[in-house]
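Remarks on the overall topology
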Amino acid sequence: ARAMFEEALRVARAGPRPDRWSETRALTSLISVTSPVGDEAECLRLADEALAVAREEGDPFSIAVAQTYRGNSLRRMLDLERARPAIDEALRTYRDLGARWEVASTLQDAALIARLQGRFDEAQGLLEEGIEICRSLGERNLAAWNVGDLVYLLVVRGRAEAAAEVFRRHRTELEHEP
């Protein structure tokens, strides 16, 4: 897959008028195949490059995508002070664009950073908002991830009974057709 995205990046940059939108997509796709193998420094470099191209083009959605990747790479590197502003910018942009699925996904990213920083109430609120958005979209896969993170957070907070209740309530909801 990496070779395919590298070729896409080469093609996007070729010719007298490079395709900047395709370039940002190729860069962020390269991040998606690089991160699982653990090279976060490379992911961050690619995300910074994608962000520069997106800002140059003035494409808000591409900026948000790049910032999401930057924030998550920084989080995995435990550079939480730099991760949060990147995720916050992405979240604001997705909200402004009405990109509700992306908002729900990015709320989960922001919640993870907040949890790692010990801001448990904030993390819980972010996850609950994400779950509500997923419910309104009928999005079960992302909802399940958000619910799992909320259950984990409640357990970490020593609220096992609340975690069990969240699990029971959402398990039934996620198993049945809306």
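Scroll up a little and you will see the structure.
This section reports on the structure supplied with the text. Note that this is a predicted model, so its numbers are computed, not measured.

**Observations concerning the overall build of the protein chain**
Of regular secondary structure, the protein chain possesses nine helices and zero strands. Ordered by position from the N terminus, the helices and strands of the protein chain form the series α-α-α-α-α-α-α-α-α. If you take every contact in the protein chain between residues at least 6 apart in sequence, the share linking residues at least 24 apart comes to 53%.

**Here we look at the environment of A99**
Positionally, A99 belongs in the loop between α5 (80–97) and α6 (100–116). Exposure remark for A99: the relative accessible area of 12% places this residue in the buried category. Residues A99 and F61 lie 38 residues apart in sequence; the distance between their C-alpha atoms is 9.0 Å. Those residues in contact with A99, other than ones at most four positions away along the chain, are F61 and Y94.

**Description of the pattern of salt bridges**
Per the stated rule, a full pass over the model turns up 14 salt bridges. We note a salt bridge from D48 to R70, for which the minimum N-O separation is 2.5 Å. Separated by 22 residues along the polypeptide, D48 in helix α3 (residues 40–57) and R70 in helix α4 (residues 60–76) bring together distant segments of the chain. Here R84 makes a salt bridge to D88, at a shortest N to O gap of 2.7 Å.

**Quick word on α6**
Note: α-helices contain 3.6 residues per turn, so residues at a spacing of three or four share the same orientation. Its 17 residues give α6 an end-to-end C-alpha distance of 24 Å, which sits within 8% of 24 Å, the value for a rise of 1.5 Å per residue. Within the sequence span of α6, burial applies to V103, A104, S105, T106, L107, Q108, D109, A110, A111, I113 and A114. As for α6, its buried residues are in contact with α4, α5, α7 (120–137) and α8 (140–156). Count one or two residues on from α6 and you reach G118, which has phi positive near 80°.

**Observations regarding the side chain of Q108**
Checked against the element boundaries, Q108 lands in helix α6. Overall, Q108 belongs to the buried group, its relative accessible area being 12%.

**Comments concerning the nonpolar core**
Most often, soluble globular proteins have nonpolar side chains that are buried together. Counting residues in hydrophobic clusters, the biggest one holds 33 residues, and the most contacted among them are Y94, V103, L107, L126, L150 and V166. Taken together, the elements giving at least two residues each to this core come down to α4, α5, α6, α7, α8 and α9 (160–175). The residues contacting L150, other than those within four sequence positions of it, are Q124, L127, E128, I131 and V166. Core analysis: the second largest hydrophobic core is formed by five residues, A50, L51, I63 and A66 among them.

Calculation rules
- Residues numbered from 1 in each chain as written.
- Predicted model: local features only at pLDDT ≥ 70, side-chain atom pairs only at ≥ 80, totals over all residues.
- Heavy atoms only, no water.
- Helix = DSSP H or I, 4+ residues; strand = E, 2+ residues; numbered from the N terminus.
- Contact = heavy atoms within 4.5 Å.
- Buried < 20%, exposed > 50% of the residue type's maximum accessible area, 1.4 Å probe, protein only.
- Salt bridge = Lys/Arg side-chain N within 4 Å of Asp/Glu carboxyl O.
- Expected span 1.5 Å × (residues − 1).
- Core = buried A, V, L, I, M, F, W, Y, C linked by side-chain atoms within 4.5 Å.

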